[in-house]
Amino acid sequence: MTVIRQEDFVASVAGALQYISYYHPVDFITSLAKAYEREESPAAKDAIAQILINSRMCAEGHRPICQDTGVVNAFVKVGMDVRFEGPAGGSPLADLQGMVDEGVRRAYLDPDNKLRASILADPAGKRTNTKDNTPAVVNVELVKGATVDLTVAAKGGGSEAKAKFVMLNPSDSVVEWVLKTVPTMGAGWCPPGMLGIGIGGTAEKAMLLAKESLMDPIDIQELKARGAASRAEELRLELYDKVNRLGIGAQGLGGLTTVLDVKVRDYPTHAANLPVAMIPNCAATRHAHLVLDGSGPVFLDPPSLDSWPKLTYDVSTARRVNLDTVTRFIYYVGPVDPVREEVVGPAGPTTATRMDKFTRQMLAETGLLGMVGKAERGPAAIDAIREFGAVYLMAVGGAAYLVSKAIHGSRLVAFGDLGMEAIYEFDVRDMPVTVAVDSKGTSVHQTGPAEWQQRIAGIPILQ
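About the cut-offs
Residues numbered from 1 in each chain as written. Predicted model: local features only at pLDDT ≥ 70, side-chain atom pairs only at ≥ 80, totals over all residues. Heavy atoms only, no water. Helix = DSSP H or I, 4+ residues; strand = E, 2+ residues; numbered from the N terminus. Buried < 20%, exposed > 50% of the residue type's maximum accessible area, 1.4 Å probe, protein only. Contact = heavy atoms within 4.5 Å. Salt bridge = Lys/Arg side-chain N within 4 Å of Asp/Glu carboxyl O. Phe/Tyr/Trp six-rings, centres within 6.5 Å; stacked < 30°, edge-to-face > 60°. Lys NZ or Arg CZ within 6 Å of the ring centre and 35° of its normal.

Draft legend 1. Expanded view of the environment of Gly370. For Gly370, the location among the structural elements is in strand 14 (residues 370–373). In this structure Gly370 comes out as buried when scored by relative accessible area, which is 0%. In contact with Gly370, other than residues within four places in its own chain, are Arg328, Phe329, Ile330 and Val391.

Draft legend 2. Representation of the pattern of salt bridges in the model. Evaluated as defined, the whole model comprises 26 salt bridges. The partner of Lys211 in a salt bridge is Glu160, with the nearest N and O atoms 3.2 Å apart. With Lys211 in helix 7 (residues 203–213) and Glu160 in helix 5 (residues 157–160), this pair connects stretches of sequence that are 51 residues apart. Since its relative accessible area comes to 8%, Lys211 is described here as buried. Here Glu451 and Arg455 are joined by a salt bridge, their closest N and O atoms 2.8 Å apart. Remark: Arg455 and Glu451 occur in helix 13 (residues 444–456); sequence separation between them is four residues, near one turn of the helix. Its relative accessible area of 28% is what places Glu451 among the partly exposed residues. Using a relative accessible area of 37% as the deciding quantity, one classes Arg455 as partly exposed. What you see here is one network of salt bridges that share partners, running through Glu7, Glu102, Arg105, Arg106 and Asp132.

Draft legend 3. The arrangement of the packing of aromatic side chains in detail. One pass over the structure, following the stated rule, counts four aromatic pairs. Ring geometry for Phe9 against Phe84: centres 5.9 Å apart, planes inclined by 90°, an arrangement best described as edge-to-face. In this pair, Phe9 sits in helix 1 (residues 6–22) while Phe84 sits in strand 3 (residues 82–85), placing the two residues 75 residues apart along the sequence. A relative accessible area of 0% means that Phe9 is categorised as buried. For the pair Tyr22 and Tyr23, a centre-to-centre distance of 4.9 Å together with 75° between the ring planes defines the contact as edge-to-face. Residue classification places Tyr22 among the buried residues on the basis of a relative accessible area of 11%. Classification of Tyr23 as buried rests on a relative accessible area of 8%. In this structure an aromatic cluster arises from ring pairing among Tyr19, Tyr22 and Tyr23. For the cation-ring pair, Lys205 lies above Tyr267, with the distance from its terminal atom to the ring centre recorded as 4.6 Å. Positioned over the ring face of Tyr392 is Arg377, at 4.9 Å from the centre of the ring.

Structure below.
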């Protein structure tokens, strides 16, 4: 019988969550660096460069990769020969949910690297921030053995919002459904990332399969080299090729790489059913795996910085627009609290699409000249931008620490009790942005993917 001390488990959870807040998995960095080298779209290549530079900055500075430090997902496999022990050898003071939550609480309130509290209680009512990012979503499985196998992940809201489920007929095509669905997800999930697909079981089992598959390492190139050994692997290869041929590209700007990998897990299902779930993982892919064997807490060794490409971001090469005297811009962001000498913590953009239904009112009643956010704008927002001669600028999702360096002053304006949803006034200089919707209503999230889908297909582009 293995004895796992409650404190060892809690400390391991807290340490892993701090670790993944500033270290990308090395397999992700390696794959993204290769995508950067082969990318031909200038806009997409620039976006990937920002993500890679931001990642290295975070690894060096131990600050969050993304301002959305996520909802914690924990997958806990408890060996049947394990016993949990509390203080002084007594019974644990909390159940497994409570122990995970204590680890989350410690990690997210760590004064040396504060993480953003994003969890709201009473989701259909008052939506009150719990202040410590608890509770986590904990999945527990009782298995043979004498260890506790723990995987933790921090899942951003932008990519989680694009999760999809369908109950297909057994004669329907999974590939056709995926290829029809991915373009409807827009860019709010911050590609390039991964797609996790769960097939079979029941509705809830398919969703769990999809989420768990995102914890697997990126190995699509190895699979291509050795060839598929199952129908699930055949689907991975087919979908990896066909999704990238959609031309959506990094941040939805159009390009060669939309996904770095596609994962497929399946499970036996009822003869009348074909449940299919799809969950994307964003450019802020964050997960870690540990095994507790009773010898104490488990802390992961930091990766070598040699795994990161040595890129620099030179704003002098960009076209600078002088907005020094302009104050009528709104930036859609929920920043991390600052530490030490910071003016603001990591402050990358949040999905502007969620604000589309308010855009006309904001432009009409406030005199705004423009907005900064991430992802595409819908027809209603684009019509309002065109009508008022405004502009929508896009910052790169997954480059939060890099973007925050452009913020030189911060002042709380209103709603401080809302935490990350408070209103601030920022002094911004040399923020890297792209014109995503111009004053005439032209959207790069429409023109970019359309152009690159044709380029990938070998169709001549009319100039």
